[in-house]
Amino acid sequence: MDLSVTLKGQTHDLTLKNPVLTASGTFGYGLEFASYGDLASLGGLVAKGLSLLPRQGNATPRIVETTAGMLNAVGLQNDGVEVFCQDKLPRLPWQETAVIANIYAGSVEEFAELAARLNAEEGVAALEVNVSCPNVKEGGVLFGQDPALAAQVTAAVRRAAPGKHVMVKLSPNVTDIALMARSVEDAGADSISCINTLLGMSVDLNSRKPSLANVVGGLSGPAIKPVALRCVWQVARAVNIPVVGIGGIVTAEDALEFLLVGARAVQVGTGNFMRPDCAFALAEELPALCEKLGIEDLGAYCGSLDLD
């Protein structure tokens, strides 16, 4: 069965050999998981978030297990965009599968600078813009919680990276995610990925302290899947650009549920912590499950949820 997917963007399309991608921040730079499966067998690799300069991240502890998921406050630790371009990217199978660079910054100008740098890299097929970070120039308000700010970032990245597919990753920590989706679509996004983590907290009764050094963190894993499904369904109905579903996807069945409500592809995140071969296994199992369920055309299946 042909599982190839094309995310048809407003400016650039993104073709994937199958709809299974990895989620940023859960798969390292991709190289760390090469011993668990063939990286080229995946539809795409989304590298961990990149900043202009190296970043150490938050103090530890910064990951804690929760019921059906985990909380993380890693703080976007990474080696910086130059190390990624010079050392990591050349060793990834970018000629065989799509490599997507996730970017984050503290200002619109920094987002544009990052996008321009990555636009020059042939091995980068697309940019995923993480708007769930604070705008340091506007007092710390999150880009992804303000439609106007999210649109500004999207437009700046679009202008700075004219040669790349631009995907914007939305936060669920908003009142109206469909409104956010329309704002970034209007600003030039080629696709939307959702959702990022839900804001959560854990405490230790024995020490009477927060479980995370950062106090709060992002909740991910199977626990957030119903929220993620709802968000993907709402966003897919609100925009005309493709949607990539994220949130609690650990099985082929999970993936097909997201495609059913309107996603064109999915990202596996916390599942990679649960079992390092999760994304590889999902991609391998998907064709047989489609055959079992009588799905002959994946494109026609996407968004075919029966509401009657």
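None of these values were measured; they are calculated from a predicted model.

A. Spotlight on the packing of helix H3 (residues 147-160) against helix H4 (residues 177-186). Between H3 and H4, the shortest axis-to-axis distance is 8 Å and the interhelical angle comes to 30°. Taken together, the axis directions place H3 and H4 in an arrangement best described as roughly parallel. Here H3 runs over H4; the crossing is right-handed. Listed contacts from H4 to Pro-147, Ala-150, Ala-151 and Thr-154 of H3 are Leu-179, Met-180, Ser-183 and Val-184. Of the residues in the contact of H3 with H4, the class split is six nonpolar, two polar and no charged.

B. Up close: a nonpolar patch on the surface. Together, Leu-199, Met-201, Val-203, Val-215 and Val-216 make up a nonpolar patch on the protein surface, roughly 440 Å² of accessible area in all. Structurally, the position occupied by Val-216 is in strand E14 (residues 216-220).

C. Quick look at the pairing of strand E16 (residues 265-268). The two faces of E16 match: Ala-265 and Gln-267 on one face and Val-266 and Val-268 on the other face are all buried. Where strand E3 (residues 20-22) meets E16, three bridges bridge the pair, whose relative direction is parallel. Its bridge partner lying in E16, Leu-21 is registered against Gln-267. With three bridges joining them, strand E15 (residues 243-246) and E16 adopt parallel strand pairing. Note that in E16 the partner of Gly-245 across the bridge is Val-266. Once the chain exits E15 it traverses helix H6 (residues 252-260) before rejoining the sheet at E16, and the crossover so formed is right-handed.

D. Local environment of the pattern of salt bridges. Counting across every chain of the model gives nine salt bridges. When the shortest N-O distance is used, the salt bridge between Asp-87 and Lys-88 registers 3.7 Å. Salt bridges linked by common partners bring Asp-79, Asp-87, Lys-88 and Arg-91 together as one network.

E. Inspection of the UniProt feature "binding site: FMN" (unreviewed entry) in the protein chain at higher detail. With numbering matched to this structure, UniProt assigns "binding site: FMN" (unreviewed entry) to Ser-24, Lys-48, Gly-49, Asn-102, Asn-130, Lys-169, Ile-195, Gly-221, Gly-247, Gly-248, Gly-269 and Thr-270. By the secondary structure assignment, Asn-130 is in strand E8 (residues 126-130). Judged by relative accessible area, Asn-130 falls into the buried class, the value being 7%. Among residues more than four places away in sequence, those in contact with Asn-130 are Leu-76, Asn-102, Ile-103, Tyr-104, Phe-111 and Asn-196. At a separation of 2.9 Å, a polar atom in the side chain of Asn-130 contacts the main-chain amide nitrogen of Ser-132.

F. Spatial organisation of the nonpolar core. Phe-84, Phe-111, Leu-118, Val-129, Val-157, Leu-170 and Leu-256 are the most contacted members of the largest nonpolar core, which has 82 residues in total. Ranked by residues supplied to this core, first place goes to helix H8 (residues 278-292) with eight residues.

G. A look at the environment of Ala-125. Looking at the element boundaries, Ala-125 is found in the loop between helix H2 (108-119) and E8. Ignoring anything within four residues of it in the chain, the contact list for Ala-125 reads Leu-14, Ala-98, Val-99, Lys-164 and His-165.

H. Just the packing of aromatic side chains, in detail. Throughout the structure, instances matching the rule amount to five aromatic pairs. Ring centres of Phe-33 and Tyr-36 lie 6.1 Å apart, and the angle between their planes is 55°; on these two criteria the pair is classed as tilted. Pairing Phe-111 with Phe-143 gives two aromatic rings, centres 5.5 Å apart and planes at 85°, and the pair type is edge-to-face. Of this pair, Phe-111 sits in helix H2 while Phe-143 sits in the loop between E8 and H3, and the two are 32 residues apart along the sequence. On the basis of relative accessible area, Phe-111 is assigned to the buried category, the value being 0%. Judged by its relative accessible area of 0%, Phe-143 falls in the buried class.

I. Structural context of the UniProt feature "binding site: substrate" (unreviewed entry) in the protein chain. Residues given the UniProt feature "binding site: substrate" (unreviewed entry) here are Lys-48, Asn-72, Ala-73, Val-74, Gly-75, Leu-76, Asn-130, Asn-196 and Thr-197. By the secondary structure assignment, Thr-197 is in the loop between strand E10 (191-194) and strand E11 (198-201). According to the relative accessible area criterion, Thr-197 is partly exposed, its value standing at 22%. In this structure, Thr-197 is in contact with Asn-72, Pro-172, Asn-173, Gly-218, Leu-219 and Ser-220, ignoring residues within four places of it in sequence.

Criteria and cut-off values
- Residues numbered from 1 in each chain as written.
- Predicted model: local features only at pLDDT ≥ 70, side-chain atom pairs only at ≥ 80, totals over all residues.
- Heavy atoms only, no water.
- Axes fitted to C-alpha atoms, helices over the stretch in contact; angles between N-to-C directions.
- Helix = DSSP H or I, 4+ residues; strand = E, 2+ residues; numbered from the N terminus.
- Parallel < 35°, antiparallel > 145°, perpendicular 65-115°, else oblique.
- Left-handed = near helix turned anticlockwise from the far one by under 90°.
- Contact = heavy atoms within 4.5 Å.
- Nonpolar A, V, L, I, M, F, W, Y, C, P; charged D, E, K, R; others polar.
- Patch = residues over 30% accessible without salt bridge, like charges linked within 9 Å, V, L, I, M, F, W, Y side chains within 5 Å.
- Areas by Shrake-Rupley, 256 points an atom, 1.4 Å probe, with all protein chains shown as cover.
- Salt bridge = Lys/Arg side-chain N within 4 Å of Asp/Glu carboxyl O.
- Buried < 20%, exposed > 50% of the residue type's maximum accessible area, 1.4 Å probe, protein only.
- Pairing = 2+ DSSP bridges.
- Right-handed = clockwise from strand over helix to strand, strands pointing away.
- UniProt positions renumbered as here; feature names shortened; annotations may be inferred.
- Polar contact = N/O pair within 3.5 Å; in protein donor to acceptor, adjacent residues only side chain to side chain.
- Core = buried A, V, L, I, M, F, W, Y, C linked by side-chain atoms within 4.5 Å.
- Phe/Tyr/Trp six-rings, centres within 6.5 Å; stacked < 30°, edge-to-face > 60°.

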